[in-house]
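Examination of the molecular architecture
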Amino acid sequence: GRSLAFSSALGQGGFMTRAEVRIEVATAGDVEAVGTILAHAFPDKFERILGEDGAQVLTEVFRRSPGSLQGTLLARVNGDTAGMIQLGAETHFLGSARAFLAAAHPRYGWLGAGKRLMQVGVLEVPEGIHRRELYIRAIGVRPGFQGLGIGTRLLGEAAVEARARRKTALSLLVLAHNEGAIRLYERFGFALGCRRSSRALQWAVGRGGYHKMVKPL
């Protein structure tokens, strides 16, 4: 994995200590970390749809369909998984609807699982992504590691990967009300596109407005 040492954690007495951030490709052994980070990073999406069991359901989906981890990079700080980013519009964890239904039906029943599959499907299928753009499906940092530049580090890795794939830009979709995320992306050089609306998105998460953001490379 690629690594970068930087001051990132408070030691005894509040002094900053040196921490090593390593960027690694997610494997089947990382399903719990990925599911937990996704659930906590996107409460408007997964918490609203899956409730307090979101992390467990997502973990089980990845466990049943490990191929859904394709394009997932992890940031590890001193061995702990601190954050993650998922790249590429061509794959998403709903690639295996059977895995989602199997993971969800014990908690919600078959009808409830089917409804939630459709709701998450609205969020996981991107629209308007150009073939020369590397799409960022998701990015999240665990609460204990926020404010340490890990999100910026992961976005930097996305840019490296995009150039390696001969893409000309990074792109992502963000809910219009998520001003904190929009500011983070703008600081990294993403341009905010016009606000769009989606009735399907309104049905899925109760909010229909979103933006596409693009960073040329």
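Going by the structure above, here's the rest.
Here's a quick rundown of the structure. Predicted, not measured: the structure shown is a model, and the values here were computed from it.

Right, let's talk about the pairing of strand β8 (residues 209-216) for a bit. The side chains of a regular strand alternate, first on one face of the sheet and then on the other. Burial runs high along β8: six of the eight residues are buried. The pairing of strand β6 (residues 169-175) with β8 spans seven bridges and is antiparallel. Looking across to β8, one finds that Leu175 is bridged to Tyr210. Relative to β8, strand β7 (residues 191-197) runs antiparallel, the two being bridged by five bridges. Considered in β8, the bridge of Arg195 is made with His211.

Once that is clear, we can look at the environment of Ile136. When you line up the elements, Ile136 lands in strand β5 (residues 133-141). Given a relative accessible area of 3%, Ile136 falls into the buried group. Expressed as a C-alpha distance, the spacing of Ile136 and Leu172, which sit 36 residues apart in the sequence, is 5.2 Å. Non-local contacts of Ile136, meaning those with residues more than four positions away in its chain, are made with Ile85, Gln86, Leu87, Leu155, Ala158, Leu170, Ser171, Leu172 and Phe190.

This part covers the packing of aromatic side chains. Under the counting rule described, the total for this entry stands at three aromatic pairs. Among the aromatic residues, ring-to-ring pairing joins Tyr185, Phe188 and Phe190 into one connected group. Positioned above the aromatic ring of Tyr108, the side-chain terminus of Arg116 is 4.0 Å from the ring centre.

Turning next to unusual backbone geometry. Positive phi, normally seen in glycine, also occurs at Asn78, with a value near 50°. A positive phi angle, close to 60°, is found at Arg166, a residue other than glycine. Structurally, Arg166 is set in the loop between α5 (150-164) and β6.

On to helix α1 (residues 31-41). Considered for burial, the residues of α1 that qualify are Val31, Val34, Gly35, Ile37, Leu38 and Ala39. Its buried side turned inward, α1 meets α2 (43-50), α3 (54-64), β3 (72-77), β4 (80-87) and β5.

What follows is about the nonpolar core. Residues Val34, Leu38, Phe46, Leu50, Val57, Met84 and Phe100 are the most contacted members of the largest nonpolar core, which totals 32 residues. Of all elements in the fold, only α1, α2, α3, α4 (97-124) and α7 (199-205) reach the threshold of two or more residues within this core. Broken down by element, this core gets its largest block of residues, eight residues, from α4. Those residues in contact with Leu50 that sit more than four places away from it in its chain are Val57, Leu58, Phe100, Tyr108 and Arg116. In terms of nonpolar packing, the next biggest core, distinct from the first, is built from 28 residues, Ala82, Phe145, Leu172 and Ile182 among them.

About the thresholds
Residues numbered from 1 in each chain as written. Predicted model: local features only at pLDDT ≥ 70, side-chain atom pairs only at ≥ 80, totals over all residues. Heavy atoms only, no water. Buried < 20%, exposed > 50% of the residue type's maximum accessible area, 1.4 Å probe, protein only. Helix = DSSP H or I, 4+ residues; strand = E, 2+ residues; numbered from the N terminus. Pairing = 2+ DSSP bridges. Contact = heavy atoms within 4.5 Å. Phe/Tyr/Trp six-rings, centres within 6.5 Å; stacked < 30°, edge-to-face > 60°. Lys NZ or Arg CZ within 6 Å of the ring centre and 35° of its normal. Core = buried A, V, L, I, M, F, W, Y, C linked by side-chain atoms within 4.5 Å.

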